[in-house]
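The primary structure of each chain is shown beneath.
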Amino acid sequence: MSHPNFRSVSVYGSGIVPFGKFPELSVPLLARPAVLEALRDSGLPRESIESIYCGSALSGNMVGQRIARETGLSGITIVNTENACSSGATAFREAWIAVASGLIDFAMVVGVEKLSRLGGGTLPLDNEDVEVVNGMVMPGLYAMRARRYMYDYGYEAKDLALVSVKSRKHGMLTPYAQFRTATTVEEVLASRQIADPLTLLQCCPTGDGAAAIIIGPTGLAERFSRQPVRVLGSHLTSGKYVSGFRDLKTPEITMRCVVELYEEIGLGPEDINVLECHDAFSIAELLYYEALGLCGPGEAVKLLRDGVTSLGGRTVVNPSGGLLSKGHPVGASGVAQIVEIVRQLQQRCDQRQVTNAKIGLTHITGGGTAGFDHGACCIHAFGI
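I will try to describe carefully the structure that is included in this document. Small disclaimer: the values here were computed from a predicted structure and weren't measured.

Turning our eyes to something else, we now look at the overall build of the protein. Within the protein, the regular secondary structure consists of 13 helices and 12 strands. A globule of 384 residues ought to have a C-alpha radius of gyration of about 21 Å, and the protein, at 19 Å, matches this closely. Dimensions of the protein, computed from C-alpha atoms along their principal axes, come out at roughly 55 × 40 × 40 Å. Relative to its full complement of 384 residues, the protein shows a buried share of 59%. Considering only contacts in the protein between residues 6 or more positions apart, those separated by 24 or more positions represent 78%. Within the structure as shown, the protein displays about 14,700 Å² of accessible surface, and the carbon and sulfur contribution to it stands at 52%. If you average the places of the 34 positive and of the 38 negative side-chain charges in the protein, the two averages end up 5 Å apart.

Across the 8 residues that make up strand β11 (residues 359-366), a large majority, 8, are buried. Both faces of β11 are covered, namely the face carrying Ile359, Leu361, His363 and Thr365 and the face carrying Gly360, Thr362, Ile364 and Gly366. Judged from the 3 bridges that link them, strand β9 (residues 274-276) and β11 form a sheet pairing that is parallel. Following the sheet pairing, Glu276 is matched in β11 by Thr362. Across 8 bridges, the pairing between β11 and strand β12 (residues 376-383) is antiparallel.

As a packed pair, helix α6 (residues 157-171) and helix α10 (residues 282-291) sit with axes 8 Å apart at the nearest point and diverge in direction by 95 degrees. By the angle between their directions, the pair α6 and α10 is classed as roughly perpendicular. Between α6, through Leu160, Val163, Ser164 and Lys166, and α10, the contact on the second element is made entirely by Ser282, Ile283, Glu285, Leu286 and Tyr289. The residue inventory of the contact of α6 with α10, partitioned by class, reads 5 nonpolar, 2 polar and 2 charged.

With that settled, the discussion passes to the state of the cysteines. Evaluation of the coordinates by the stated rule reveals 0 disulfides. In this structure Cys203 is a free cysteine whose sulfur lies 7.4 Å from that of Cys204, the closest cysteine sulfur available. Left unpaired, Cys378 is separated from the closest cysteine sulfur, that of Cys257, by 6.8 Å.

Quick look at the sheet that holds β11 now. Taking strand neighbours across the sheet as the criterion, the 10 strands line up as β3-β2-β4-β7-β1-β8-β12-β11-β9-β10 in an open arrangement whose pairing is mixed. On the outer flanks of this sheet lie β3 (77-81) and β10 (316-317), each paired with one strand and no other. Against the sheet, helix α1 (residues 27-42) contacts β1 (9-16), β4 (107-114) and β7 (208-217), and its axis sits at roughly 135 degrees relative to β1.

Following Asp196, the chain continues to Pro197 via a peptide bond in cis, the omega torsion being 15 degrees. Within the element layout of this structure, Pro197 appears in the loop between β5 (193-195) and β6 (198-199). Backbone geometry places Met62, a non-glycine residue, at a positive phi of 50 degrees. Along the chain, Met62 turns up in the loop between β2 (51-55) and α2 (63-71). Looking at Met62, the relative accessible area reads 54%, which means it is exposed. In this structure, Asp350 is a non-glycine residue whose phi angle is positive, near 50 degrees.

Cut-offs and rules
Residues numbered from 1 in each chain as written. Predicted model: local features only at pLDDT ≥ 70, side-chain atom pairs only at ≥ 80, totals over all residues. Heavy atoms only, no water. Helix = DSSP H or I, 4+ residues; strand = E, 2+ residues; numbered from the N terminus. Rg over C-alpha atoms; globule rule 2.2 N^0.38 Å. Buried < 20%, exposed > 50% of the residue type's maximum accessible area, 1.4 Å probe, protein only. Contact = heavy atoms within 4.5 Å. Areas by Shrake-Rupley, 256 points an atom, 1.4 Å probe, with all protein chains shown as cover. Lys, Arg positive; Asp, Glu negative; His and termini not counted. Charge placed at Lys NZ, Arg CZ, Asp CG, Glu CD. Pairing = 2+ DSSP bridges. Axes fitted to C-alpha atoms, helices over the stretch in contact; angles between N-to-C directions. Parallel < 35°, antiparallel > 145°, perpendicular 65-115°, else oblique. Nonpolar A, V, L, I, M, F, W, Y, C, P; charged D, E, K, R; others polar. Disulfide = S-S within 2.5 Å.

As structure tokens, then:
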């Protein structure tokens, strides 16, 4: 959304907790350290926070209010958003609109999820959905995407495995990643098969996690933030319903969303130095290289093999290790992506620091439902 009366918005502070399985922690206690870190990082007094926007998909009701109780932020406007895997990213967008429009000055965005409470397995989907009742689960859907992609462009399973290898190399350098050990193509292919051709190490782990961001008007940022990072744009769209055949290797919603965002902010894929994309499965990262405009159809594997998307490359993708290494606590993932990009632009990422990072992008889709590529797609752009 672009609007002539919108003011510039910047990130003031960020916070994140290590992702993993923490059965002993409640949802608000899981989120509390991330919220308090964001407050400390921002330099803002607690009473300056006017609203909390909280994204969570599977962690119960009034999640934001429960977090506010544990962090001294109660008694203010609290908005809870559910938009599947895009829940946290959607919360950020709603907060951005409120600040950019001048409705409020300072907002806290929290993304949190506690998937360990579900006991493992694939994410629960709508049991009234026609594809779900016929056996569709997300690993199966992405396996079909992978098969189609491999068939059309002549790739093999080992090409997909390269995504997981890159992910682990980056994840080794990320203190909040769930998996921090290197792996090889052979180990990826030898891991337990989940949905042919996807093996265990090509599927993101579930788990628990939380992340937080504080945003406010750019004009005041220099007084508080250590290095303000501007929100260049934010775009959210929903999938288009198509009955019958749909092209599984073409993420329509991402392609449409990113083109609209690029047009709004006057930038293109060649301007992006670093991005975090929704790599829930190895094939997803390859598909999103193409959908986000980093390369043409069928060229994603070459981009990966040439090191273009690895640390030291031209456009570094998922320097955090992405969902494949970090884990995918659904409501937290979109906000965690923003934390990573903000800190990359602030030059705070130590060994995984992307050289000369000036412009970054976060991308996340949400929801598997019949007739849609995805239910939602949210993309944010940031710059210094």
